[in-house]
Amino acid sequence: MGDKAGTRVFKKSSPNCKVTVYLGKRDFVDHLDQVDAVDGVILVDPEYLKDRKVFVTLTCAFRYGREDLDVLGLSFRKDLYISTFQAFPPIAEERKPNSRLQDRLLKKLGQQAHPFYFTIPQNLPCSVTLQPGPEDTGKACGVDFEIRAFCAKSIEEKIHKRNSVRLVIRKVQYAPEKPGPQPMVETTRSFLMSDRSLHLEASLDKELYYHGEPISVNVHVTNNSTKTVKRVKISVRQYADICLFSTAQYKCPVAQVEADDQVSASSTFCKVYTLTPTLDKNREKRGLALDGKLKHEDTNLASSTIVKDVTNKEVLGILVSYRVKVKLVVSRGGDVSVELPFVLMHPKPLDLPLSPVPELDPPIDTNLIEFETNISQDDDFVFEDFARLRLKGAVDDKDEDC
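Residues numbered from 1 in each chain as written. Predicted model: local features only at pLDDT ≥ 70, side-chain atom pairs only at ≥ 80, totals over all residues. Heavy atoms only, no water.

Caption draft 1: Region of the structure containing the overall build of the protein chain. In terms of regular secondary structure, the protein chain is built from 2 helices and 22 strands. Each of the 402 residues in the protein chain was classed as buried or not, and the buried ones make up 49%. (Helix = DSSP H or I, 4+ residues; strand = E, 2+ residues; numbered from the N terminus. Buried < 20%, exposed > 50% of the residue type's maximum accessible area, 1.4 Å probe, protein only.)

Caption draft 2: Helix 2 (residues 100-109), seen in detail. Listing the buried residues of helix 2 in full gives Leu 101, Gln 102, Leu 105, Leu 106 and Leu 109. For helix 2, the arc enclosing every buried residue in end-on projection is 130°, short of the 170-degree limit, so these residues lie on one face. Projecting away from the buried face of helix 2 at angles above 90 degrees are the exposed residues Arg 100 and Lys 107. In the segment just after helix 2, Gly 110 is the residue with positive phi, at about 95°. (Arc of directions from axis to C-beta.)

Caption draft 3: Spotlight on the sheet that holds strand 15 (residues 229-243). On the basis of which strands lie adjacent, the open sheet formed by 5 strands has the order 13-20-19-15-16 and mixed pairing. Two strands lie at the open edges of the sheet, namely strand 13 (208-210) and strand 16 (247-259), each paired on one side alone. Each neighbouring strand pair of the sheet contributes to a mean axis angle of 35°, computed without reference to strand direction. Here strand 15 runs beside strand 19 (residues 317-330); their pairing, made up of 14 bridges, is antiparallel. What sits directly across from Val 236, in strand 19, is Val 324. (Pairing = 2+ DSSP bridges. Axes fitted to C-alpha atoms, helices over the stretch in contact; angles between N-to-C directions.)

Caption draft 4: Here's a closer look at the environment of Val 232. One can find Val 232 in strand 15. Each C-alpha atom of the pair Val 232 and Val 336 lies 9.8 Å from the other, and the pair is 104 residues apart in sequence. In this structure Val 232 touches Val 257, Glu 258, Ala 259, Asp 261, Tyr 273, Lys 327 and Leu 328, once residues within four positions along its chain are discounted. (Contact = heavy atoms within 4.5 Å.)

Caption draft 5: A look at the packing of aromatic side chains. What the rule picks out here adds up to 6 aromatic pairs. Between Phe 85 and Phe 118, the aromatic rings sit 6.3 Å apart at their centres with planes inclined by 70°, giving edge-to-face as the arrangement. Of the two residues, Phe 85 sits in strand 6 (residues 77-88) while Phe 118 sits in strand 7 (residues 113-118), which places them 33 residues apart along the sequence. In this pair, the class of Phe 85 matches that of Phe 118, namely buried. Considering the side-chain rings of Phe 116 and Phe 118, the 6.1 Å spacing of their centres and the 55° angle between planes classify their relative orientation as tilted. Under the relative-accessibility criterion, Phe 116 is labelled buried at 0%. Relative accessible area serves as the criterion here: at 3%, Phe 118 is assigned to the buried category. Grouping aromatic residues by their ring pairs yields a cluster made of Phe 85, Phe 116, Tyr 117 and Phe 118. Over the aromatic face of Tyr 48 sits the side chain of Arg 52, whose NZ or CZ is 4.3 Å from the ring centroid. (Phe/Tyr/Trp six-rings, centres within 6.5 Å; stacked < 30°, edge-to-face > 60°. Lys NZ or Arg CZ within 6 Å of the ring centre and 35° of its normal.)

Caption draft 6: Geometry of the state of the cysteines. In the structure shown here, the tally under the stated rule is 0 disulfides. The thiol of Cys 60 is not disulfide-bonded; the next cysteine sulfur, from Cys 126, is found 9.7 Å away. (Disulfide = S-S within 2.5 Å.)

Caption draft 7: Representation of the sheet that holds strand 11 (residues 184-190) in the model. Within the open sheet, the 4 strands sit side by side as 11-12-14-17. Their pairing is antiparallel. Edge strands, defined here as strands with exactly one partner in the open sheet, are strand 11 and strand 17 (267-275). Ignoring which end each strand starts from, the neighbouring axes of this sheet average 15° apart. As paired elements, strand 11 and strand 12 (residues 197-204) share 7 bridges and run antiparallel to each other. Paired with Thr 188 across the bridge in strand 12 is His 199.

Caption draft 8: Summary view of the pattern of salt bridges. In the structure shown here, the tally under the stated rule is 12 salt bridges. Between Arg 323 and Glu 339 there is a salt bridge, and its shortest N-O distance comes to 2.9 Å. Taken together, the residues Arg 323 in strand 19 and Glu 339 in strand 20 (residues 334-345) connect sequence positions 16 residues apart. Relative accessible area serves as the criterion here: at 29%, Glu 339 is assigned to the partly exposed category. (Salt bridge = Lys/Arg side-chain N within 4 Å of Asp/Glu carboxyl O.)

In structure tokens, the structure reads:
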């Protein structure tokens, strides 16, 4: 019995230890047809609460400038979505059936605990962070979701950081169960003063790749021209569409191979090239899109974004996609190139019972958790603190996000 795994519960308290928030998870999955509900419990010291109310807010924000540049009342941040829930006293119209985890937490924590609920709209972007440069300080740019809990007489009241709980959650997507067709593209290039052409055909072994998985690129060249192919360049490029006040696209190579493979006139060539796009080889690239938060070891390149409805461009935030570019460098004839789109994501975790403590978590999560040693076996709970991310240059660590 002593080895039985308990139910995982994340918790975080305000700096003054008067308000504590409990959540069953910090990653909420976008299934395209619906998003996991955000349901938790807030515990408030009754002597601190007095005649005030208990509020919880969920905010999705797009930070598009460094935090240390926020001066003169200007903020390089746009709130894409804000929702407020009054946990106490409860509003009858907002009450929903409690989840099983909420019922168990309310039973354990007592009468001073109150449930809260949020539904994340499907058209909101997933959590994406843009990699900062070595000189950047404060919050990184990108899209994040934040839950904030506090006590106040009204929602408009100014709240001090030490009296509130702020914790970051993530909206994530996992790889679809049915991948798309195998990518394949071809092109034919004719040259001036020549009636013969060069034909390039490229394909990938599949459309869906998991993070850290090698990508095999099959290149087939039929050179009927009089030109000579001097080199073959293969690159994996990340494209980030920034949809804010206007739409802009940024591209960044994340893996590349340059081979001195030559294809002489009136000959053919076939070869498979292998590339593996990883963050380890791209940590110095400022503005690269990454999954979730930074400043911990287990971040990875941002996963491809799967969009169901692209009608509302402003709400989309950051859309991430990947392509393999194959380029032939032709002597005195320019370049011949093609691009192959593919999907880079995490596999969908196996369906597990309600919040058990697993042996393996998605790699983006494990380094953010600090275990508590006081595990109570009678209620099968394992409480884990949201670990603080100590950002370079931060003055007061208590003000940082978890």
